[in-house]
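Structure at a glance
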Amino acid sequence: MNDHSPTDPVLGHVRPVPGGLYGDQPYEAALADLRAAVAEVSAALREADGPTAEQLAHYQADLNRTQLQLRLDDTETHQRAHALAQTVRDHLVSETGA
């Protein structure tokens, strides 16, 4: 550090690049969250069986359906998408203990 170094954290000075990751679009962030959750469920399904596999298949269908219902300017669908993705992740954590 020198006399010209900022005293506050660097991240406080970072601003999103227009058109960068997610393009500052809540729709793109929600879609990416859903896709990531689908990938996590698909990976878990490879090793699941019985009731766990059934539950994961149900989540996979819900995630896919939610992707189709997602609308560009509908903040409610964005919130539902993030909530569903989080529910799925919580279930995966409770099943694997990770």
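Residues numbered from 1 in each chain as written. Predicted model: local features only at pLDDT ≥ 70, side-chain atom pairs only at ≥ 80, totals over all residues. Heavy atoms only, no water.

Moving on, we come to the overall build of the chain. A tally of helices and strands in the chain yields three helices and zero strands. Shown N-terminal to C-terminal, the secondary structure of the chain runs as helices and strands in the order α-α-α. Of all 98 residues assigned to the chain, the portion counted as buried reaches 24%. The long-range share in the chain, meaning contacts at least 24 apart out of those at least 6 apart in sequence, stands at 59%. Carbon together with sulfur atoms contributes 54% to the accessible area of the chain, which is approximately 7,000 Å² in total. (Helix = DSSP H or I, 4+ residues; strand = E, 2+ residues; numbered from the N terminus. Buried < 20%, exposed > 50% of the residue type's maximum accessible area, 1.4 Å probe, protein only. Contact = heavy atoms within 4.5 Å. Areas by Shrake-Rupley, 256 points an atom, 1.4 Å probe, with all protein chains shown as cover.)

Over its 20 residues, helix H2 (residues 50-69) runs 29 Å from end to end, which matches the ideal 28 Å to within 8%, given 1.5 Å per residue. Within H2, burial applies to Ala 53, Leu 56, Tyr 59, Asp 62, Leu 63 and Thr 66. (Expected span 1.5 Å × (residues − 1).)

Another aspect to go through is the nonpolar core. Nonpolar side chains tend to gather and get buried jointly when the protein is soluble and globular. Judged by nonpolar contacts, the single largest core of 16 residues is most densely connected at Leu 34, Val 41, Leu 63, Leu 70, Ala 81, Val 88 and Leu 92. Secondary structure elements with two or more residues in this core: helix H1 (26-45), H2 and helix H3 (75-96). With seven residues, H1 is the largest single contributor of residues to this core. Sequence-distant contacts of Ala 81, defined by excluding residues within four places in its chain, comprise Ala 30, Leu 34, Thr 66 and Leu 70. (Core = buried A, V, L, I, M, F, W, Y, C linked by side-chain atoms within 4.5 Å.)

On the secondary structure map, Ala 36 appears in helix H1. The class for Ala 36 is partly exposed, based on a relative accessible area of 31%. For Ala 36 and Arg 89, which are 53 residues apart along the polypeptide, the C-alpha to C-alpha distance reads 9.9 Å.

Turning our attention to the pattern of salt bridges. Here the structure, examined in full by the defined rule, presents four salt bridges. One salt bridge in this structure joins Arg 80 and Glu 76, with 2.9 Å as the shortest N-O distance. Residue Arg 80 and its partner Glu 76 are both found in helix H3; the two are separated by four residues, about one turn of the helix. Of the residues examined, Arg 80 reaches a relative accessible area of 41% and is grouped as partly exposed. Salt bridges sharing common partners tie together Asp 33, Glu 40 and Arg 89. (Salt bridge = Lys/Arg side-chain N within 4 Å of Asp/Glu carboxyl O.)

One can find Asp 33 in helix H1. According to the relative accessible area criterion, Asp 33 is buried, its value standing at 17%. Beyond its immediate sequence surroundings of up to four residues, Asp 33 is in contact with His 82, Ala 85 and Arg 89.

Okay, the packing of H1 against H2 next. Where H1 contacts H2, the axes come no closer than 10 Å and their chain directions differ by 160 degrees. Between H1 and H2, the crossing angle belongs to the class labelled roughly antiparallel. With respect to the hand of their crossing, H1 and H2 are arranged in left-handed fashion. Residues Leu 31, Leu 34, Arg 35, Ala 37, Val 38, Val 41, Ser 42, Ala 44 and Leu 45 of H1 form the contact with H2, whose participating residues are Ala 53, Leu 56, Ala 57, Gln 60, Leu 63, Asn 64, Thr 66 and Gln 67. When the residues that make up the contact of H1 with H2 are grouped by side-chain class, the tally is eleven nonpolar, five polar and one charged. (Axes fitted to C-alpha atoms, helices over the stretch in contact; angles between N-to-C directions. Parallel < 35°, antiparallel > 145°, perpendicular 65-115°, else oblique. Left-handed = near helix turned anticlockwise from the far one by under 90°. Nonpolar A, V, L, I, M, F, W, Y, C, P; charged D, E, K, R; others polar.)

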